[in-house]
Structure formats: structure tokens, C-alpha cells
Amino acid sequence: MKNIPYGRQNIVDEDVDAVLVALKSEYLTQGPLVPIFENTVKEYCNAKFAIATNSATSALHIACLALDVGRGSVVWTSPISFVASANCALYCGATVDFVDIDEISHNISIEALEAKLKKSELEKCLPDILIAVHFAGLSCDMEKIRELADRYAFRIIEDASHAIGATYKGDKIGSCKYSDITIFSFHPVKIITTGEGGMALTNNKVLARRMQRLRTHGVTGAFEEMLPQPSDEIWNYQQIELGFNYRMTDLQASLGISQLKRIETFLTKRKELADRYNNLLDQMPLFKPKIFSYSESSWHLYVVELDSQRSNITQKELYTKLRQSGVLVNLHYIPIYKHPYYKKLGFKDQYCPNAEIYFHRALSLPIFFDITDAEQDQVVHYLKLYIQ
Ligand SMILES: *Cc1c(COP(=O)(O)O)cnc(C)c1O
């Protein structure tokens, strides 16, 4: 049996054809296909504006900048996320801090958030921004986060890198109904891919314009209604602030447009795979992902937690044995504050207790469109073999 990765893209002939058309067109970098991709994603999510970027990391960066994150700002996020959810704040010179997770949903704990906000209010160090991560594709409880944001006056960025296609109380993630900006990733392991790529969605025109500008060096273009300095020249662009080259290419957008056509098929398959794991893993000493009535997950990850009290194997032994058997399980994630770089910033080892417990139990099982029933059975076979 060949190795079974934890995630992998699905590319069909239509995707290849779409990219070939783009490759033979006039534009290779940002051209007419980028706005088409932006429009299809924003219509899919029911948001007003969408800004495509060369990665979700870039989108997170310009989202923070558009919300005026800078030196002296405080940004909070989840410790159980990819490092990019926190790094974006550091790029802006801000301070980052972590809110512990809920042990069942693995998203930011609303209770922990509320307690930390109360404490921070007394200490006069309330956050400016909360980056809510929809872990594994399950939405955070956004209504509750919105209530707290209104009470304590912070802005919300949704890191929905895992969650395009997921819903919260009937709305698609990306609608920004409860947040200022939502970010998607189109990295190959995510729900749909553009190779590398990301997108920021918002309903706020000012934020949208600012992110468009930051994506292209901070230079105003023809889209700007008014140049900030009256120009007596005929040249119609000016650099207003320090931006970046975070543009998506038309090659990537062509793949994204083609992939988005199959998103419902992708989501249905992921849900089927998750249901199948739920059944096959019944009675095992594992905590399986819980279903929440307020969110339909996009099932980017299928994470099990080993119940060490009911098994004789440790998480590390299980991880090693499964990988030796060709089942390329992964750990999503090491709590961000435990990385050497973050430790140097002063974070202590046991900073978030629930994140620590999770970290010592969790394994992501393979879940992707092209995994076969036989491969999934193989994953379960090895799990049963090693856990007993
Ligand atoms: C993948 C991921 C990112 C970064 O995405 P890129 O497109 O690779 O930059 C950010 N946050 C989370 C939660 C992710 O899973």
C-alpha cells in the first residue's frame, strides 16, 4: 500500500484546461480572471467585497493593517491554529496573546474569552482585534463573539482558512455577518486550491479599498475615486502607504474558478468521509469530533483525541507507528505559544491548559476527496491494531 497523506488536492482535466487557457492568455499575473474569481467567491459567501491574495498569510497581514493594527495594538487568537494566525499581528509590530480553546469544539472558548476580557478591562489592556479561527472547518460561535466585541470594543477577523463552504446558523462563512473581515486559504490541503493563494472578504468598502491598495505596494490605482494629493500631472498613480506585492496571478485564479465549481461535491464527500470515520471508529478509546447544531463543518480536518486512560499506547507511539505503516497522520497543531520563537517572546509552557491537553491527545486522520474506502479502512485497521 502506498502512503496515505492527511490531505491532498483533487485536480481534474477541467482544472488543467482552465489553467492552460490562462497560460495562453495575455495576462499571467493579476488580470481579468482575478476579479472574476473574487466575484464568484464573494457571491458564494454573500459578502460585498473580496480581495484575492497570494496566500492566506498575506491576506491576514493586510487585514490586520487595514484595521490599523500596529505598534501598541493587542491582537488575540487561538493557540490551536497554524502559526500564521498569530504571525500576522507580529508583522505589524503588535502584541499577540492567546485565548484558550474549548475542549469539545477546539475553537476559542467563549468562557475563557469572556474571563480574559474582564481581567484585561481591569488591567486596561483590552484587545483591539480578535482573530477567530474556525478550526477544522467548524465555525466558532460567532453570535457570542460578536456580543463580546460590542461590549468590549474589539474588531473581529475570521481566519476561515479551513472553512470555505462551512456555515454558521444558516449563513456561509465569509458572509462577514458577525465580523469585519474573513480570510480563506487556497493552499492545496484546504477545501479548494489555487496552488498558493488566499482571499479576504468584507462588507466594508473602506476596508476593501485599503486591502486592495496594500496588496499592490500601497499604490492607488484607477479604482481610487480620488487621489489623495491633487495631481497636476497626467500620471494617475501615487503611493499612499507602505504596501506589498501580495497579488494573486491569473494562473492561480483560473484554477480557483474551476475548483469553486466543484465545491459542493468536495464538501459532500468530506462530510461522507467524516460520517464514515464516526461509524468505523465507534467503541474505540478515542474522542471523535463533536457535531454542533449551529455549524455545518467543511471537514478540512478529521481530528481524533486518544483517551489515554482507556488505552495502552501513547499519542507519540501511535503517531510513529501509524506513520511507519504509511498512514501519514499529523498533529494540528502544536500550541502556537510553544514554538521556540514564541517562547522567546515570554510565553510559558502551560499557558493554555485546554490547548495543552488537546496537544497531548490529538491526531489528524487522512481526509481528502480522493481517499478510497479501502484506504480509509486501512487507516482504521491500523488504529485498531495499535490502540488495543
Ligand atoms: C493554512 C492556514 C493559514 C495559512 O494559509 P496560507 O494560504 O498557506 O498562507 C492560516 N491560518 C490557518 C488556520 C491555516 O490553516
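Heads up: these notes are all about the structure in this document. (Residues numbered from 1 in each chain as written. Predicted model: local features only at pLDDT ≥ 70, side-chain atom pairs only at ≥ 80, totals over all residues. Heavy atoms only, no water.)

### Section: the packing of helix H3 (residues 56–66) against helix H4 (residues 84–91)
Cut-off, in case you're wondering: Lines fitted to the C-alpha atoms define the axes, with helices restricted to the stretch that makes contact. Angles between their N-to-C directions range from 0 to 180 degrees. In this description a helix means any DSSP run of H or I spanning at least four residues, a strand means any run of E spanning at least two, and both kinds are numbered starting from the N terminus. By definition in this entry, angles of less than 35 degrees are roughly parallel, angles greater than 145 are roughly antiparallel, angles of 65 to 115 are roughly perpendicular, and the rest are oblique. Each helix crossing is assigned a hand: it is left-handed if the near helix lies turned anticlockwise from the far helix by less than a right angle, otherwise right-handed if that turn is clockwise. The criterion used for residue contact is that any of the two residues' heavy atoms lie within 4.5 Å. Nonpolar residues are Ala, Val, Leu, Ile, Met, Phe, Trp, Tyr, Cys and Pro. Charged residues are Asp, Glu, Lys and Arg, and all others, Gly as well, are polar.
Where H3 contacts H4, the axes come no closer than 9 Å and their chain directions differ by 45 degrees. Relative to H4, the element H3 is oriented oblique. Handedness of the crossing formed by H3 with H4: right-handed. Where H3 abuts H4, its residues Thr 57, Leu 60, His 61 and Cys 64 lie against Ala 84, Ser 85, Cys 88, Ala 89 and Tyr 91. Here the residues of the contact of H3 with H4 sort into six nonpolar, three polar and no charged.

### Here's the deal with the site of the ligand
Quick note on the threshold: Here a residue is considered near a molecule or strand provided that any single heavy atom belonging to it is located within 4 Å of it. We call two N or O atoms a polar contact when they sit within 3.5 Å, provided that within protein one can donate a hydrogen and the other can accept it, with sequence-adjacent residues counted only if both atoms are side-chain atoms. Note on areas: Shrake-Rupley, 1.4 Å probe, and residue coverage restricted to the protein chains presented here.
Within the structure, the ligand sits among 14 residues, and Thr 57, Asp 159, His 162, Ser 185 and Lys 190 are positioned closest to it. Take Asp 159: an N or O atom from its side chain is 2.7 Å from a nitrogen atom of the ligand. Contact distances for the ligand include 2.8 Å between an oxygen atom and a side-chain N or O atom of Ser 185. Out of a free accessible area of 380 Å², the ligand has 93% covered by protein chains. Mapped by element, the contributors of at least two residues to the shell around the ligand are H3 and H4. Of the residues contributing to the shell around the ligand, the split by class is four nonpolar, eight polar and two charged.

### Things to note about the sheet that holds strand S5 (residues 155–159)
What counts, and what does not: At least two DSSP bridges between two strands are needed for those strands to be called paired.
Spatially, the seven strands line up as an open sheet ordered S1-S9-S8-S5-S4-S2-S3, and their pairing is mixed. Of all strands in the sheet, those with a lone pairing partner are strand S1 (49–53) and strand S3 (95–98), marking the two edges. Recorded for the sheet is a direction-independent mean angle of 20 degrees between the axes of neighbouring strands. Where H3 meets the sheet, it contacts S1, strand S4 (129–133), S5, strand S8 (181–185) and strand S9 (198–202), and its direction lies at approximately 165 degrees from that of S8. The sheet contacts of helix H5 (residues 110–122) involve strand S2 (74–77), S3 and S4, and relative to S2 the element is tilted by about 160 degrees.

### Focus on unusual backbone geometry
Rule in force here: Using a 1.4 Å probe on the protein chains alone, a residue whose accessible area is under 20% of its type maximum counts as buried, one over 50% counts as exposed, and one in between counts as partly exposed.
The step from His 332 to Tyr 333 runs through a cis peptide bond, and the omega angle for that step is 5 degrees. With respect to the element layout, Tyr 333 can be found in the loop between helix H10 (315–324) and helix H11 (340–344). Here Asn 46, not a glycine, exhibits a phi torsion of approximately 65 degrees, which is positive. Relative to the helices and strands, Asn 46 is located in the loop between helix H2 (33–45) and S1. By relative accessible area, Asn 46 is classed as exposed at 62%. Even without being glycine, Cys 176 reaches a positive phi, approximately 60 degrees. Locating Cys 176 in the fold gives a position in the loop between strand S7 (171–172) and S8. By relative accessible area, Cys 176 is classed as buried at 5%.

### Considerations on the sheet that holds strand S11 (residues 295–296)
A sheet is described by the order of its strands in space; here three strands give the open sequence S7-S6-S11, paired in antiparallel fashion. The strands lining the two open edges of the sheet, one partner per strand, are S7 and S11. One ladder, built from two bridges, connects strand S6 (residues 167–168) with S7; its direction is antiparallel. When the sheet's bridge partners are listed, Tyr 168 is paired in S7 with Asp 171.

### Description of the pattern of salt bridges
Rules: Definition used for salt bridges: Asp or Glu carboxyl oxygen within 4 Å of a side-chain nitrogen of Lys or Arg.
Inspection of every chain in the model, using the stated rule, returns 24 salt bridges. Linking Lys 338 and Asp 349 is a salt bridge whose minimum nitrogen-to-oxygen distance equals 3.0 Å. With Lys 338 in the loop between H10 and H11 and Asp 349 in the loop between H11 and helix H12 (353–359), the pair connects residues that are eleven residues apart, well separated along the chain. A salt bridge links Lys 338 to Glu 356; the nearest nitrogen and oxygen atoms lie 2.8 Å apart. Separated by 18 residues along the polypeptide, Lys 338 in the loop between H10 and H11 and Glu 356 in helix H12 bring together distant segments of the chain. Take Lys 338 and Glu 356: they sit in the same class, and that class is buried. Residues joined by salt bridges that share partners form a network here, namely Asp 68, Arg 210, Arg 213 and Glu 241.

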